[in-house]
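Given next are the chains, with one letter for each unit.
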Amino acid sequence: GFTGGGVGGGVIDGFGFFCVLLLIVGVLFFHSFMRRNTAALPTTGAQDFRWTTPRYDSALLQPILASDPGFVPETFLQKAQMAFLLVQRAYQDRNVHAARAFLAAPVWNSWSEQVNYLLEQHQRPILENLNVRGLAVTEARAEESGQSVTVHLDYVAAVHFNDDRDGRLISGSEEDARLGEDWTFWRAPGTVTVQGGGATASKCPNCGGLLKLNDDGKCDYCGAEIQSGSYDWVVTNMQRSSFQGVSTAQGLGLDELDPERGLAAIQATDPAFDFEQFRGRGQQAFYSLQEAWQARDLSSSRPFMSPGLYLGWSSQVQQLIELHKINKLDDLRLEELIPIKVTHGQAFDDITVRVTATCADYEVDERTGKVIFGSQSPSRFSEFWTFQRGRGVQTTSRSLQDRVCPNCGAPLELNQVGECRYCRAAVTSGRFDWVLSRIEDADS
Ligand SMILES: [Zn+2]
Ligand SMILES: [Zn+2]
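By convention here, each chain's residues receive numbers from 1 onward along its written sequence. Labels follow written order: the first chain is A, the first ligand is 1, and so on. Confidence filtering applies because this is a predicted model: local features only for residues at pLDDT of at least 70, side-chain atom pairs given and counted only at 80 or more, and all residues used for totals across whole chains, interfaces and linings. As a rule here, side-chain values cover all heavy atoms of the structure and leave hydrogens and water aside.

The α-helix winds at 3.6 residues per turn, so residues separated by three or four positions along the chain end up facing the same way. Relative to the 30 Å expected for 21 residues at 1.5 Å per residue, helix H7 (residues 275-295) spans 30 Å between its end C-alpha atoms, a close match to the ideal helical length. Only protein chains enter the accessibility calculation, which uses a 1.4 Å probe; a residue whose area is less than 20% of its type maximum is buried, one above 50% is exposed, and one in between is partly exposed. Secondary structure elements follow DSSP: runs of H or I no shorter than four residues count as helices, runs of E no shorter than two count as strands, and numbering proceeds from the N terminus. Listing the buried residues of H7 in full gives Phe275, Phe278, Gly282, Ala285, Phe286, Leu289, Gln290, Ala292 and Trp293. Each buried residue of H7 lies within a common arc of 160° when the element is viewed along its axis, so the set occupies one face. More than 90 degrees from the buried face of H7, the exposed residues found are Glu291 and Ala295. Backbone geometry just downstream of H7 places Arg296 in the positive-phi region, at approximately 55°. A helix is expected to reach a length of 1.5 Å times the quantity of its residues less one. Comment: arc refers to directions from the helix axis out to C-beta atoms.

With that settled, the discussion passes to empty space enclosed by the protein. Points on a 1 Å grid, built from protein atoms alone, make a cavity when a 1.4 Å probe fits but cannot get out and make a pocket when they are open with protein on both sides within 12 Å along at least 5 of 7 lines; residues with an atom within 4 Å of a point are the lining residues. Grid points are joined across faces, edges and corners, and a volume is the space filled by probe spheres set on the points. As enumerated under the stated definition, the model contains four cavities of 30 Å³ or more in all. Here the largest cavity defines a volume of roughly 110 Å³. Contributing to the lining of the largest cavity are Phe76, Lys79, Ala80, Ala83, Phe102, Phe185, Ala199, Thr200, Asp232, Trp233, Val234 and Val235. Broken down by secondary-structure element, the contributors of at least two residues to the lining of the largest cavity are helix H3 (73-93) and strand S5 (234-241). When residues of the lining of the largest cavity are assigned to their parent elements, the largest contribution, four residues, is made by H3. Residues are grouped as follows: nonpolar covers Ala, Val, Leu, Ile, Met, Phe, Trp, Tyr, Cys and Pro; charged covers Asp, Glu, Lys and Arg; every other residue, Gly included, is treated as polar. Here the lining of the largest cavity is built from residues that sort into nine nonpolar, one polar and two charged. When its volume is computed, the second largest cavity comes out at roughly 80 Å³. Around the second largest cavity, the lining residues are Arg89, Gln92, Asp93, Arg124, Pro125, Ser315, Gln318, Gln319 and Glu322. Of all the elements in the fold, those that place two or more residues in the lining of the second largest cavity are H3, strand S1 (123-143) and helix H8 (307-322). Ranked by residue count, the leading element in the lining of the second largest cavity is H8, at four residues. Across the lining of the second largest cavity, the residue classes tally to one nonpolar, four polar and four charged. Each domain span listed reflects an automatic or database assignment of domains. A domain split of the lining of the second largest cavity shows at least three residues from each of domain 1 (58-250) and domain 2 (255-441).

A word on the environment of Asp166. With respect to the helices and strands, the residue Asp166 is situated in the loop between strand S2 (146-163) and strand S3 (169-172). Sequence separation between Asp166 and His122 is 44 residues, and the spatial gap between their C-alpha atoms is 9.8 Å. Distance and chemistry together define a polar contact, namely a pair of N or O atoms within 3.5 Å, with one atom able to donate a hydrogen and the other to accept it when in protein, and with adjacent residues in sequence counting only for side-chain atoms on both sides. A polar atom in the side chain of Asp166 sits 3.0 Å from the backbone nitrogen of Arg168.

Time to look at the coordination of the zinc ion (ligand 1). The rule for donors is simple: N, O or S, within 2.8 Å of the metal, or within 3.2 Å if the metal is Na, K or Ca. Water isn't counted, so a site may look like it is missing partners. Protein-derived ligands of the zinc ion (ligand 1) are Cys204 (SG), Cys207 (SG), Cys219 (SG) and Cys222 (SG), with the metal-ligand distances lying across 2.3 to 2.4 Å. Key to geometry: four donors with every angle between 85 and 135 degrees are tetrahedral; four donors are square planar and six octahedral where opposite donors lie over 155 degrees apart and all remaining angles lie between 65 and 115; all other sites are irregular. Its four donor atoms give the zinc ion (ligand 1) angles of 106 to 113° at the centre, a pattern that matches the tetrahedral case. Along the chain, the residues donating to the zinc ion (ligand 1) fall in the pattern C-x2-C-x11-C-x2-C. With Cys207 in the loop between strand S4 (177-187) and S5 and Cys219 in the loop between S4 and S5, the pair connects residues that are 12 residues apart, well separated along the chain. Its relative accessible area of 1% is what places Cys219 among the buried residues.

Take a look at the structure:
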């Protein structure tokens, strides 16, 4: 049975915790003291600003919302993206078990056959630079037999198959291509939105235990048949489509504001929010992540990466290691970080900034030390970085980037699914502090 994991407790932990608590109380007291003694903040003229309610295509999703008030389209699409990334990762790893919790049994069976065929043929599928560009709901149905939502996904990847014995390219292309797929998610009648993440957050949607399926595809702890769709959405159809250039925010009818209005609106609901401080955090995140990338070890950056971004980047780091590549970014210098837009959703606020930096970007074969790609002379590049935070979250002195848990204030240590080891809060979800959720090339 599920024992709850984690040892902890005991006198020393309790005392350590008490010290942390004392520290927090002290910090809070100091802050309120400072606040009282600080001149009024300059007004931004945003006091009268009110967010408008997101206008997601209610006509399309109304049948789902009608029977499940906890259904949030924005959060659903995040889960759909996670399911897509997790299945693609399992595909590249040719690990059929890793995808089982997300796919309905018939789909999983035929998908597994393809994967096993690749294993027999010594073909390793590689989705290099995999990056989801946009998602959109194209169809939703609520019927007596169950509910289904079809999601279109636009993504970019260089898809190819290499021989797993010598690494030779067998088929496909090493050039990035724009691709699209349509995935249908289904759940049994009466199933409602899982609180606490569900399968895509590595949690059993029934008992909340760490997701671990036995050989029959049932939760190892509670015996729930996850693939049945009786607990959470499962994929019942995966269809090749084409790149359609969909915008997730527009499809959901989210507010996209220019930086001035958007930042003022955030400040109106979170008075302690300060863009210069945010910019400093953005710069810190930029250098931290680029350093982690070169070191092929993301553990220091994981606390401020959303689960989706972390999954994508960790897959790419794994590929670099397997292909014996090191990506060097010599003389990296961040020149500019400027706000581009603010997106206000039903569950999250996004701040997108454009970072402009220079570096010499090249790949080295670690076995020979030879440069195999790129140039050793510096050049300039621009990217859009999007930071996300739950709506209504307030700025505090606890920052993920300082490795402090924004929920309990303990020194931050993450467990394997990205939760604080002490309070079990899903700190990388954006529900407590800003996390980096998307990186897009601004030049393409
Ligand atoms: Zn369970
Ligand atoms: Zn915590």
